[in-house]
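# Results of the structural survey
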Amino acid sequence: MRVGTLTVARVLWTASLLTMLVAGCREDLTAPGTCPEYCPAKLIDVFDSLFVGSIVADSAWTGYVAPDKAILAQAVTDGAAVESHPIIRFFPLPDSLNLRPIASIDSFRLDILVPARAAVSGLELVVHRLPADIDSTSTYADLEPFFEDSTQIGVIPLPDTLVGGVVGTPLPGDAFPTLAEDGWVATVGFSILPGPEAWADLATMESLGQAVLTMYARVVQGEDTVEASDFQQAAFDSYVSVDQASFDRDILGVGGAPSWRSILRVDLPSYVVDSSDISRATLILVPSEPILGAAGDTLRLRADALIDDVGPKSPIVAPALGIQDTLSVGGLDLLVGASDTVVIDVTHIVKPWRADTARPHSIVLWMVPEAASLGQARFWSSRHAASAPSLAITYIPLFPRNEP
Amino acid sequence: MRRLALLLLVLGVGASQTVTAQSSLYAVVGLGFPGRPIGVRARGMGGSIGAVDPGSAVNPAMVSQLTRLSATVSSLTSLRSYEIDTLSVDGLQDTRFPYAALAGGITGTPVSFEATYTSYLSRTWDVVTSDTVILRGEPVAVDDRIRSDGAVADLRAAVGWFISSKLQLGAGFHILTGSTRERIERDYADDDYTPLRHDSDVSYSGLGWSVGLTGQLLSWLRMGASFRSDGHLDAARDSVRIGRVDLPMTISGGFAAAPVPGLVIASTVMWQSWADAQDGLTSIGGEATTFNTWDVSAGLEVGGSVGPRVPIRLGFRYAQLPFSAEDDQVREIDLSLGTGFRFAQGRAAFNASVERVSRDGGGASEDAWQISIGLSLLP
């Protein structure tokens, strides 16, 4: 009887042990707290502070991207403060088609890609014939005489429904009367109508959306002539514009063409940079004048970190394939004409400084895409005490204040 | 060698686990939740036999009873619920390994030794809260989670001297050591704010000593008493010292009586000067009120060597906790039931206990079922 009792007990013990082992695999400690009594001592305290004077040095530099290297060329109406004309030189057209001499040119067709445009009804791009030798040294003054009625060779209407896409127009066969003398090189320039708020962006070679010029001709075949065609892409594209007013050293310029960048050096207390987690950091900039650019246009201002701060040639920590920009982190749209204080997120720049002590405490401001228009923002620098840039930081100290 | 290898294997199994004590709502307060240096048999008796139990680490003089090589490990599973004001939480569960020991006698001498691991302070918790904070003039909803996983362990090396059946002495040297991995998390409802994820390691260190005596004063009565001093506890976060706090003295005494064969009645009383920890507490444990504590337990064991082969153990315990979020000291009442049996020709033993624990005070209350299992090998 005693043996039987012991056997039953052992079975129960074995079952209990197995149950315990299974139960022990599960752990559920997570529980809601009631603060402050039953919260851990290491509470999460968050602080908001405005660090005036935290930008201790800043400077603006230009020459990064020239108009002929930009991914867009903006056409802005004549007479505007930022009037500009896209210009294109095509690769030489052939003087024969499939070894058949050209007897006559019937017509041309010009196709261009327009990614963005003003929200103005009845926009038209007016096509002008330009000298064949335009290049990156051509200036507004050089070409301004060619943007007149006598050189107009076509009009490309931009449908009001067009958000972005390819548009084109036929050009007459005599659109380029000196084509043969010019070595079969065709060049065009664009004006835009109507009114002071008209503008449109044209894609360029740098964006792989360059213009295409198609030639329709009659060629000699035996004793007859037949229709034939060929096309060429742009060999050079850029835009010429009225010169912008310069600014003095108290100003931080961003954008324009050739593009400007401004680099700001930051000095924050170590208890923020080294001993806290930064939840949000925003850079506050005061414009010295309204945002320059085509009326109704918006400019994309970016703030990014530098890999190393070596002055104007400092390499930028590239945004991760635009992901940060998509999340509106570090990017901000500026409306042309606005003069409100600009607040741009720089959390992605300041937050890593605690972990990456080698990274320079510098912020670069630039426009994306660079030099795509004359649009430009001008902010007061740290040398203008009343409106100097500042940083607003929301941070959480990682060590309780009673710890050293 | 085979016996030694088996012992090491058993101890190794215990050491490979997370060796922290059970969690409690009250582990969040002060230095944490104090551990109990007792084995599973003593737990089944409410801790009442602790002062005269060779299977517990309360009285170093009881080491003198451990003349055979032995190894012990135990686990404790806790199923908890608590209430704070209108907040009621249940379904909390965790398993820990709060006690392990390796002991033996030195051949040809009246001296025995023991090395024990016990939990000294549990600092394991996982707390989530939701709140709304004002940031840049706007209300922003936040979800916080603060986790701590770890404990301060008590590693004791003790020797016991069997002078006579009426008097045995013992002394122990204690190393208090351990660490906690702490993580704080915050998520904002507003995407303009980046979430917080921060880990840190806090290490703890301290030294202590203990002395004790015990004796079989009558053939049916054993009594014992001990004194322990733990000095202070130093804490460092990520290797940077953050504070020092005084630890308590402990005075304990108790008896076990066997007035009739097959019946053991026991009681232990323990007092600890935890109020000494008030100074410096903030640097490690945050704001809390500290109290000296009493721990009184009584229990009995029926059967075992005489009568039923499987003993039944019962116990009652009243204890005070040293840390409270308010001026109201937290109290704990335990009712326990235990049993055990030997097997393998007496070379191994299983012990088990179930405790119903009710804690109350400091503006909260907590109930728990605690299930302990112990395995001892005497090769």
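Being a predicted model, the structure only gives us computed values, none of them experimental.

Conventions we followed
Residues numbered from 1 in each chain as written. Chains lettered and ligands numbered in written order. Predicted model: local features only at pLDDT ≥ 70, side-chain atom pairs only at ≥ 80, totals over all residues. Helix = DSSP H or I, 4+ residues; strand = E, 2+ residues; numbered from the N terminus. Buried ≥ 20, exposed ≤ 12 C-beta atoms within 10 Å, placed from the backbone. Contact = placed C-beta atoms within 7 Å. Core = buried A, V, L, I, M, F, W, Y, C linked by C-beta atoms within 7 Å. Pairing = 2+ DSSP bridges. Axes fitted to C-alpha atoms, helices over the stretch in contact; angles between N-to-C directions. pLDDT = per-residue confidence, 0-100.

## Re the overall build of chain A
Along its length, chain A carries five helices and 24 strands. Per-residue burial over chain A gives 40% buried out of 404 residues. Once local pairs closer than 6 in sequence are excluded, the contacts in chain A between residues at least 24 apart make up 83%.

## Observations regarding the nonpolar core
Soluble globular proteins: nonpolar side chains tend toward being buried together. The biggest cluster of nonpolar side chains holds 97 residues, and the ones touching the most others in it are Ile192, Ala200, Leu202, Leu301 and Ile363 of chain A. Ranked by residues supplied to this core, first place goes to strand E7 (residues 100–114) of chain A with six residues. Beyond its immediate stretch of four places on either side in the chain, alanine 200 of chain A contacts Ala75, Val114, Arg117, Ala118, Leu123, Leu125, Leu158 and Ile192 of chain A. Among the nonpolar cores identified, the runner-up in size contains 70 residues, and Tyr99, Tyr120, Ala151 and Phe291 of chain B belong to it.

## Side note on the sheet that holds strand E21 (residues 342–345) of chain A
Two modes of strand pairing occur in sheets, parallel and antiparallel, and in both the strands are linked by backbone hydrogen bonds. All names here are of chain A. Strand order across the open sheet formed by four strands is E2-E24-E18-E21, with antiparallel pairing between neighbours. Edge strands, defined here as strands with exactly one partner in the open sheet, are strand E2 (47–52) and E21. Strand-to-strand twist of the sheet, defined as the mean angle between neighbouring strand axes without regard to direction, takes the value 25°. As judged from the eight bridges shared by strand E18 (residues 276–285) and strand E24 (residues 390–397), these two strands associate in the antiparallel manner. Considered in E24, the bridge of alanine 281 is made with isoleucine 393.

## Some thoughts on the environment of glutamine 168 of chain B
Residue and element names in this part refer to chain B. Relative to the helices and strands, glutamine 168 is located in strand E7 (residues 167–188). Judged by the 26 C-beta atoms lying within 10 Å of it, glutamine 168 falls in the buried class. When residues no more than four places from it in sequence are discounted, the contact partners of glutamine 168 are Ala61, Ser64, Gly160, Trp161, Phe162, Ile163, Leu213, Thr214 and Gly215.

## With respect to the confidence of the model for chain B
Residues and elements named next belong to chain B. Per-residue pLDDT for chain B has a mean of 89; in total, 93% of the residues score no lower than 70. This stretch, residues 1–22, has a pLDDT under 50; its non-local contacts, to residues over four places away or in other chains, come to 45 contacts. Predicted complex, confidence summary: ipTM 0.77, pTM 0.77.

## Description of unusual backbone geometry
Residues leucine 193 of chain A and proline 194 of chain A are joined by a peptide bond in cis, for which omega reads -10°. Residue proline 369 of chain A is bonded to the preceding valine 368 of chain A through a cis peptide linkage, with omega at -5°. A positive phi is found at serine 239 of chain B, a non-glycine position, where the angle reads about 75°. Within the secondary structure layout, serine 239 of chain B lies in the loop between strand E10 (232–237) and strand E11 (240–246).

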